[in-house]
Amino acid sequence: MTADPLLPEPGDVLLLRGLREQQQFGARLAAALPPGSVLFLEGELGAGKTSLTQGLVAALGFTDTVTSPTYALMNAYPTPAGQVLHVDAYRVRDVNELYEMDLEDLIERSRLSVIEWGEGLYADYPAAPILLLEHLDGAPDVRRVTRRR
C-alpha cells in the first residue's frame, strides 16, 4: 500500500472510503497529471469512475455537474486550467468510432482527458496511467484502486 501519493506508482493499491475520498483522490490526480495527460479508468459499474472524475474536474475549477458520458460518449468540461475531456468507451465497438468523433484533436486541445473503458486505446496512449477501481466485498462504501500502468 502506498501512503497517500498524488499519483500512485504502477502496482500500487489504495483504499478509498466513501464518495468524499474518491473525489479527494481525483483532486490529487488533477494536481499530479501534467497538461495534456490522458488517464484511463477501468472498473465495473458503480466502482467510482465518475466520482473520481468529479473530484478531478472540480479541482481544476469546474463548478457545474459532472456526469457519466455513457450515452453521449464524450463530455467536455471547460475549466480555468483548460478543457477536461471525459470519454466513456463502454458502448463503442470499434475505437475508430471515437476517432471519427475527433477524439485525437479533442485530446490534444484538452488539459486532461479521462477515458473510461478505454482498453482499445491503450496502445495509442502508452504513457497514460491506467487505474482499476473495484468494489470490496462486505464494504459497500470502500473502493480499491490499483494502478495497472
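As a starting point, this report considers the structure included with it.

A few words on helix H2 (residues 49-59). Taken across its 11 residues, H2 has 8 buried, putting it largely inside the fold. The complete set of buried residues in H2 reads Lys49, Thr50, Ser51, Leu52, Thr53, Gly55, Leu56 and Val57. Those residues of H2 hidden inside the fold are in contact with helix H1 (18-32), strand E2 (37-42), strand E3 (74-77), strand E4 (84-88), strand E5 (112-116) and strand E6 (130-136). Two residues or fewer past H2, Gly61 is found with a positive phi of approximately 105 degrees.

Moving on, we get to unusual backbone geometry. Residues other than glycine seldom take positive phi values, yet Asp102 does so here, at roughly 70 degrees. Tracing the sequence through the fold places Asp102 in the loop between helix H3 (96-100) and helix H4 (103-108). Judged by relative accessible area, which is 48%, Asp102 ranks as partly exposed. Positive phi, normally seen in glycine, also occurs at Trp117, with a value near 60 degrees. For Trp117, the position within the fold is in the loop between E5 and E6.

What follows covers the packing of aromatic side chains. By the definition in use, this model includes 3 aromatic pairs. Positioned above the aromatic ring of Tyr122, the side-chain terminus of Arg149 is 5.4 Å from the ring centre.

Take the side chain of Glu116 next. Relative to the elements of secondary structure, Glu116 occurs in strand E5. No salt bridge is formed by the buried Glu116. Its closest oppositely charged neighbour is Lys49, at 4.6 Å. Within the local environment of Glu116, its side chain forms a polar contact with the side chain of Thr50, the two groups lying 3.4 Å apart. Beyond its immediate sequence surroundings of up to four residues, Glu116 is in contact with Leu41, Lys49, Thr50, Thr53, Ser68, His86, Val87, Asp88, Ala89 and Tyr90.

How each quantity is defined
- Residues numbered from 1 in each chain as written.
- Predicted model: local features only at pLDDT ≥ 70, side-chain atom pairs only at ≥ 80, totals over all residues.
- Heavy atoms only, no water.
- Buried < 20%, exposed > 50% of the residue type's maximum accessible area, 1.4 Å probe, protein only.
- Helix = DSSP H or I, 4+ residues; strand = E, 2+ residues; numbered from the N terminus.
- Contact = heavy atoms within 4.5 Å.
- Phe/Tyr/Trp six-rings, centres within 6.5 Å; stacked < 30°, edge-to-face > 60°.
- Lys NZ or Arg CZ within 6 Å of the ring centre and 35° of its normal.
- Lys, Arg positive; Asp, Glu negative; His and termini not counted.
- Salt bridge = Lys/Arg side-chain N within 4 Å of Asp/Glu carboxyl O.
- Polar contact = N/O pair within 3.5 Å; in protein donor to acceptor, adjacent residues only side chain to side chain.

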